[in-house]
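Per-entry structural report
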Amino acid sequence: MIAAAMLLAIGTSAQTLWGDMINKLKVEARADGELFTTDSTPNFGFHGKYFNLMLGGNLGDHFSYYFKQRVVANGGSVMFFDNTDFLYLDYRPTANWRLRFGKDAMAMGGFEYDASPIDVYFPTTLWNNIYCFQLGFSGAYLTDDGNHTLVAQVTNSPYINSTGLAYDAGLVSYNLCWYGSMGHWRTIWSTSMIEREWNKFMNLTMIGNKVVFEKWDLYVDLMHHALAIDDWGKNFGVVSCANWYFTDRFNLFVKGMIEQNKSEVDLNSAVALDHLLRAGHTYARYGLGFEYFADKGKTVRLHTYVCRMTESYTEGGVDVVEDCWNFNIGATWTVDFMKLKVKN
């Protein structure tokens, strides 16, 4: 309804508004049918995954904005912008520099993390648990050739969300990220100091590498988080995904990951030191799937995949392994109002 009203309003005004104050106006949705098989009764059903409204444009004098609202059935619990993924103001004084204030994704590495959530299938546990969209401020430097971007950012800490604190708890996250493009090689590397208590931090380092060719691409993301100097090597993850593009409409993908947390403090304890993975647990997922785009404009995407998921831990001196298969079929559709012709 919001998008339709905006479209009607803009359609009655000058054509130049499309390229100035509004150059992006889009809605997108995804719905999936899923089956989870375990040793007990299987779970299955259909559900809506995402419904997003996106709006962006230029405001003149080097300013621009972007807004992305994830429409959900329940209200926010922390603050007014809880279900808003992006709502920021950009200022670009030169072609090389960018300043940004507002709701944005935390500047962290990894190609799984960097992808739009609507495009991610059977993600890592870290991806599921981190509340990555936060209010804050960032500065970025872009090289003259456009191949490298360095971002320094300060945001609210995701521990505010995971521990149920108020927005004024005074916890922040300091993020430094490098986006690189060197021929067939792409990089998204970052390190973050995420405040979990006053003046106590978790370090989260993400190293994403991707090779891109005409018919295929492959990324490998390395993830490591540490609660203290002597905590290195206990909590890490690796996720990789390969795509084969048989045609411009048909894609086969294979994806796998393993994650572990060997810390001694459990996520559900009174002091949740690590909100990304449960202490003492190891997670593994692997699977394959297909994507098919029904039209050249890729406004309709059909997908299906099968994934094996395991979670292992020790309880009462006994090694426990929980596993299941996940079968998924779904569709994503996009309506790009900017591609519609406006009749004067």
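Residues numbered from 1 in each chain as written. Predicted model: local features only at pLDDT ≥ 70, side-chain atom pairs only at ≥ 80, totals over all residues. Heavy atoms only, no water.

Some thoughts on the packing of aromatic side chains
Applying the stated criterion to the full structure yields 16 aromatic pairs. Between Tyr-121 and Phe-253 the ring centres are 5.2 Å apart and the planes differ by 15°, which places this aromatic pair in the stacked class. Here the residue Tyr-121 occupies a position in the loop between helix H2 (111–114) and helix H3 (125–129), and Phe-253 occupies one in strand S13 (residues 250–261), the gap between them amounting to 132 residues. Taking relative accessible area as the criterion, Phe-253 reaches 3% and is therefore assigned buried. Judged by centre distance (5.7 Å) and plane angle (40°), the ring pair of Phe-246 and Phe-250 falls under tilted. Residue Phe-250 is classed as partly exposed on the basis of its relative accessible area, which comes to 28%. Pairwise contacts between aromatic rings join Tyr-66, Phe-86, Tyr-88 and Phe-133 into one cluster. Positioned above the aromatic ring of Tyr-88 is the side chain of Arg-100, whose terminal nitrogen or guanidinium carbon lies 3.8 Å from the ring centre. Here the basic side chain of Lys-255 rests over the ring of Phe-122, its NZ or CZ set 5.5 Å away from the ring centre. (Phe/Tyr/Trp six-rings, centres within 6.5 Å; stacked < 30°, edge-to-face > 60°. Helix = DSSP H or I, 4+ residues; strand = E, 2+ residues; numbered from the N terminus. Buried < 20%, exposed > 50% of the residue type's maximum accessible area, 1.4 Å probe, protein only. Lys NZ or Arg CZ within 6 Å of the ring centre and 35° of its normal.)

Overview of unusual backbone geometry
Positioned with a positive phi, Phe-122 is a non-glycine residue whose angle comes to about 25°. The residue Asn-199 is not glycine, and still its phi comes out positive at about 65°. Mapped onto the secondary structure, Asn-199 falls in the loop between strand S9 (185–197) and strand S10 (200–212).

As for the environment of Asn-328
Along the chain, Asn-328 falls in strand S16 (residues 318–336). The spatial distance from the C-alpha of Asn-328 to the C-alpha of Cys-307 is 8.5 Å, given a sequence separation of 21 residues. Filtering out sequence-adjacent residues up to four positions away, Asn-328 remains in contact with Asp-32, Gly-33, Glu-34, His-303, Thr-304 and Tyr-305. A polar contact of 3.0 Å, which involves the side chain of Asn-328, links it to the side chain of Asp-32. Within polar-contact distance, the side chain of Asn-328 engages the side chain of His-303 at 2.8 Å. (Contact = heavy atoms within 4.5 Å. Polar contact = N/O pair within 3.5 Å; in protein donor to acceptor, adjacent residues only side chain to side chain.)

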